[in-house]
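Overview (structure and organization)
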Amino acid sequence: MQALWMLLGAAFFATMGVCVKFGSEHFNSAELVFYRGVVGLAFLAIIAKQQKISLRTQYPSMHLWRSTIGVLSLSAWFYAIAKLPLATAMTLNYMSSVWIAAFLVGGALINWKPQDDRSPWSQGPLALSVMAGFAGVVMMLRPTVEQNQIFAGLIGLMSGFAAAFAYIQVMALGRIGEPETRTVFYFAIGTTVAGLIGMGFAGISEWHWQHAVWLLPVGVFASLGQLCMTRAYSKGATLVVANLQYSGIVFAALYSLLLFGDDIPWMGWTGMALIVTSGMAATLLRARAAPNAPAEEH
């Protein structure tokens, strides 16, 4: 059942990407971020009440930092979805696992001392998975991104980088006893506030009900995806469940082909496969350093 919950969660996140893609034709990224936050806020308030979890926290500064980084990642991802093929934008965001592995390798090498029992070469397999992930990015972006989409590709890559930082902060909050529902609730608050601020600069698009129909599902599918992934991790972050999150890339690729007619050449598919493989390897290797880690958010 854990595996099924993770597959369902990945499908919900990919479907959210479809709604963002359609909605971005009529609304700017700030508006999409705002509505994603508002709906998530309502969902999580209800869930917290059902679970009898208090939303008061003793660590507001940590939640503020986590929300700031998370909003940056989410905004960059929504921008990438609007400008790039859905499968490409989704894959770049899922690079977060590879970035986390890069942080672990860097931290281990910086803190290594000659008198330590472990050799610095012990991080070799993790470093290889990181390099394979970046090779996959080069292969994927070169054939699938037009010249005028290079900037969007970099923004998409940044979304995964920021997501890795946010995930580390989620792990830190979990270790001090903060329930995940509370953590995601404060992230929804940050998303709503950031969306409002962004709308103050980017403006508010003209409202048409036939276009606005895409706004509500953005928040609904994101919330359902997060709930499913949390349910999947409820009995411990097994490696099978953790790796099944990459099925979201498969769902996004199918949507790209069926709904948007995106043409992804063989090198693009190879790059995506390499990123998925490296991400799964990084997840396997980092599990030794961070067992029972919480679900990654997308």
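Summarised in this report is the structure supplied together with it. All residue numbers here refer to positions counted from 1 along the written sequence of the relevant chain. Residues qualify for local features only when their pLDDT is at least 70, as the model is predicted, and side-chain atom pairs are given and counted only at 80 or more; totals for whole chains, interfaces and linings, by contrast, use all residues. With hydrogens and water stripped out, all remaining heavy atoms of the structure feed into the side-chain values.

Let us now look at the overall build of the protein. Helix and strand assignments follow DSSP, with helices taken as H or I runs no shorter than four residues and strands as E runs no shorter than two, numbered in order from the N terminus. Along the backbone of the protein there are 13 helices and zero strands. For the protein, the sequential pattern of α-helices and β-strands runs α-α-α-α-α-α-α-α-α-α-α-α-α. Exposed residues in this analysis have more than 50% of their type's maximum accessible area, buried residues have under 20%, and partly exposed residues fall in between, with area computed by a 1.4 Å probe over protein chains only. The buried share among the 298 residues of the protein stands at 50%. Working definition of accessibility: Shrake-Rupley area with a 1.4 Å probe, residue cover restricted to the visible protein chains. Accessible surface computed for the protein: about 14,100 Å², of which carbon and sulfur atoms make up 68%.

Quick look at helix H10 (residues 215–232) now. Every helix has an expected span of 1.5 Å times one less than the residues it contains. Over its 18 residues, H10 runs 26 Å from end to end, which matches the ideal 26 Å to within 8%, given 1.5 Å per residue. All of the buried residues along H10 are Leu215, Pro217, Val218, Gly219, Ala222, Ser223, Gly225, Gln226, Cys228, Met229 and Ala232.

Here, nonpolar core means buried Ala, Val, Leu, Ile, Met, Phe, Trp, Tyr and Cys residues that are tied together by side-chain atoms lying within 4.5 Å of each other. Ranked by internal contacts, the top residues of the largest apolar core, which has 44 residues, are Met16, Val20, Trp77, Phe78, Ile81, Met90 and Ile249. Looking at this core, the element that brings in the most residues is helix H3 (residues 60–83), giving six residues. Only heavy atoms matter for contacts: two residues are in contact if any of them lie within 4.5 Å across the pair. Beyond its immediate chain neighbours, meaning those up to four positions away, Met90 contacts Phe13, Ala14, Trp77, Gly248, Ile249 and Ala252.

Right, let's talk about the packing of helix H2 (residues 29–50) against helix H8 (residues 180–202) for a bit. In this description, a line fitted to the C-alpha atoms serves as the axis of each element, helices being fitted only across the stretch in contact, and the angle between N-to-C directions of two axes falls anywhere from 0 to 180 degrees. Where H2 meets H8, the axes come as close as 7 Å, and the angle between the chain directions of the two elements is 150 degrees. Between H2 and H8, the angle is such that the two are roughly antiparallel. The crossing of H2 and H8 is left-handed. Under the scheme applied here, ten amino acids are nonpolar (Ala, Val, Leu, Ile, Met, Phe, Trp, Tyr, Cys and Pro), four are charged (Asp, Glu, Lys and Arg), and all others, including Gly, are polar. Classifying every residue of the contact of H2 with H8 by side-chain character gives 16 nonpolar, seven polar and two charged. The labels follow the angle: roughly parallel below 35 degrees, roughly antiparallel above 145, roughly perpendicular from 65 to 115, and oblique for the rest. Helix crossings get a hand from a simple test, with the near helix turned counterclockwise from the far one by less than a right angle marking a left-handed crossing and a clockwise turn marking a right-handed one.

As a further point, take the packing of aromatic side chains. Note on aromatic pairs: each is described by the distance of the centres and the angle between the planes. For Phe, Tyr and Trp, rings pair up if their centres lie within 6.5 Å, where Trp contributes its six-membered ring, and each pair is then called stacked (planes under 30 degrees apart), edge-to-face (over 60) or tilted (otherwise). For the structure shown, the criterion picks out eight aromatic pairs. With 5.2 Å between their ring centres and 80 degrees between their planes, Phe161 and Phe165 make a pair best called edge-to-face. Placement of both Phe161 and Phe165 in helix H7 (residues 150–175) is noted, with a separation of four residues, approximately one turn of the helix. By relative accessible area, which is 29% here, Phe161 ends up partly exposed. Of the residues examined, Phe165 reaches a relative accessible area of 36% and is grouped as partly exposed. Among the aromatic residues, those joined into a cluster by ring pairs are Phe22, Trp214 and Phe260. In our convention, an over-ring charge means Lys NZ or Arg CZ found within 6 Å of a ring centre and within 35 degrees of that ring's normal. Cation over ring: Arg66 sits above Phe187, and NZ or CZ is 4.3 Å from the ring centre.

A few words on unusual backbone geometry. Unusually for a residue other than glycine, Lys52 sits at a positive phi of about 55 degrees. If you trace the backbone, Lys52 turns up in the loop between H2 and H3.

Secondary-structure assignment places Ala163 in helix H7. For Ala163, a relative accessible area of 10% puts it in the buried group. Leave out the neighbours within four places in its chain, and Ala163 touches Ser73 and Ser96.

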